[in-house]
Amino acid sequence: MISEKMIRLAGNSSAIRAMFEEGNRLAALYGRENVYDFSLGNPNFPAPPSVKQAALDILQNTDPVYLHGYMSNAGYPEAREAIAASLNRRFGTSFSAANVIMTVGAAGSLNIVLKTLLNPGDEVIAIAPYFVEYGNYVNNYDGVLKVVRAREDFQIDPEAVAAAVTEKTKAVIINTPNNPTGVIYSAETLRALGEALERKQEEFGTSIWVISDEPYRELAYDGAEVPWVTGIIRNSIVCYSWSKSLSLPGERIGYAVVPAECDESELILTALAIANRVSGCVNAPSLFQLVAARCADETTDLSGYDTNRRLLYDGLTDAGFECVFPQGAFYIWMKTPEEDDRAFAERAKKYNILVVPGASFAWPGYVRLAYCVARQTIERSMPGFRKLAQEYGRNGK
Ligand code: PLP
């Protein structure tokens, strides 16, 4: 018999698999262009041309033994240095290469941080609605995920977080800009969270690290600022990737940055590099460490996402649905006109529309729509959304 944990996971993944299969089934019946799949956060916009240029240049002009060889588990020193310098330029920090560990995407970053921090039974707080994989990542290290609900405006409720802290709490995972709500946590929210956690750390005589998961940092609209968390919360670590900001999810490239002010920062940094190794990743992909280092100050062109954001938000609200207007990321968080979000998502399939029920983010009564899709997908889906709204007696504009 294989691992019981994996048997459970294999069983649980069937909902996501079913969504994939449903997309394929509908595409076979009606044609791919007539299926409106808003379920996946896979950018439909290409990486900027500078990424390809950097990759070609590095491939042509770097010693292949160096480029394709093993390296320090923490990553190439010049990549770590370039990222520290980029962060310092943009956020007024004073990091050096020593504060940065190159990782296998944000998922790899979160995993090595949790592996480093958790003993079995340690608690990690997540703010609902949250990215469903947090539960799996915490479970990888036999931690216990505790869920604290966000406020009505989907900002963190610092006092609710403080109330959930016990002597076993090791970390709080936050995600800004947020998947699934598109909300950016304000400096005020972060300050209040930091203060509440300082109080709790003093009360219990423990360390509680805030892990800020930031793959959407660069995806902020209308000039919105995404506050730099380590400048506000003393005991915080940032997990980042270029999966979304440079449309590189398949390249698996990201980093963790641990400021010197963090409790046990030196030990954590040593342990993160070892965690890269013993988790079997060994190091982040070599070519894309160097590409990311060259493109560290760049982001994808946001105009396509912004157009989609407005198109989908306006279309849905005009049809009579209630949505959170997203400040960042590429998701719309929509209230379902019936309480049962799974039933709503099921009903949407009648119009070849695929959305993710809020229950998957521990927040029923909503669905998530990813708008990192072709603009035509949004335009062509609108008659279906209008009919769907009408089924609930909403006639819209
Ligand atoms: N965190 C959040 C909130 C995400 O939405 C995702 C991916 O969708 C990840 C982490 C994982 O990112 P990566 O592909 O860089 O591992």
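Everything numeric here is computed off the predicted structure, so don't read it as measured data.

### Notes on the packing of helix α6 (residues 105-117) against helix α7 (residues 133-140)
When two helices pack together, their arrangement is given by the angle between the helix axes and by the axis-to-axis distance.
Alright, step 1. Contact geometry for α6 and α7: axes closest at 9 Å, N-to-C directions at 40°. If you check the angle between α6 and α7, you find them oblique. As α6 packs across α7, the resulting crossing turns out to be right-handed. On α7, the residues touching A107, L110, N111 and L114 of α6 are Y134, Y137, V138 and N140.
Alright, step 2. Class assignment of the residues belonging to the contact of α6 with α7 gives a composition of six nonpolar, two polar and no charged.

### Let's talk about the side chain of T93
Alright, step 1. Relative to the assigned elements, T93 resides in the loop between α5 (77-91) and β2 (100-103).
Alright, step 2. Assessed through its relative accessible area of 17%, T93 is described here as buried.

### Notes on the site of the ligand
Alright, step 1. The immediate surroundings of the ligand are formed by 14 residues, with D213, Y216, S241, S243 and R252 found nearest.
Alright, step 2. In the complex, 91% of the free accessible area of the ligand, which totals 400 Å², lies under the protein chains.
Alright, step 3. Grouping the constituent residues of the shell around the ligand by class yields six nonpolar, five polar and three charged.

### Thoughts on the packing of α6 against helix α10 (residues 265-278)
Alright, step 1. The geometry of α6 relative to α10 is characterised by a closest axis approach of 9 Å and an angle of 115° between their N-to-C directions. Handedness of the crossing formed by α6 with α10: right-handed. Only I268, A271, L272, A275, N276 and V278 of α10 make contact with α6, whose side of the interface consists of I112, V113, K115, T116 and L117.
Alright, step 2. The residue inventory of the contact of α6 with α10, partitioned by class, reads eight nonpolar, two polar and one charged.

### Examining the packing of aromatic side chains
Given two aromatic rings, one states the distance between the centres and the angle between the planes to describe the pair.
Alright, step 1. The tally for this structure, following the rule as stated, stands at 23 aromatic pairs.
Alright, step 2. With a centroid separation of 5.8 Å and an interplanar angle of 85°, the aromatic rings of W333 and F361 are classed as edge-to-face. With a gap of 28 residues between them, W333 in strand β10 (residues 331-335) and F361 in the loop between β12 (356-357) and β13 (366-370) connect regions that are remote in the sequence.
Alright, step 3. Exposure remark for W333: the relative accessible area of 0% places this residue in the buried category.
Alright, step 4. What links up through ring pairs into an aromatic cluster is the set F38, F321, F344, F385 and Y392.
Alright, step 5. Between the NZ or CZ atom of R149 and the centre of the ring of W363, over which it lies, the distance is 3.8 Å.

Basis of the calculations
- Residues numbered from 1 in each chain as written.
- Predicted model: local features only at pLDDT ≥ 70, side-chain atom pairs only at ≥ 80, totals over all residues.
- Heavy atoms only, no water.
- Axes fitted to C-alpha atoms, helices over the stretch in contact; angles between N-to-C directions.
- Helix = DSSP H or I, 4+ residues; strand = E, 2+ residues; numbered from the N terminus.
- Parallel < 35°, antiparallel > 145°, perpendicular 65-115°, else oblique.
- Left-handed = near helix turned anticlockwise from the far one by under 90°.
- Contact = heavy atoms within 4.5 Å.
- Nonpolar A, V, L, I, M, F, W, Y, C, P; charged D, E, K, R; others polar.
- Buried < 20%, exposed > 50% of the residue type's maximum accessible area, 1.4 Å probe, protein only.
- Near = heavy atom within 4 Å.
- Areas by Shrake-Rupley, 256 points an atom, 1.4 Å probe, with all protein chains shown as cover.
- Phe/Tyr/Trp six-rings, centres within 6.5 Å; stacked < 30°, edge-to-face > 60°.
- Lys NZ or Arg CZ within 6 Å of the ring centre and 35° of its normal.

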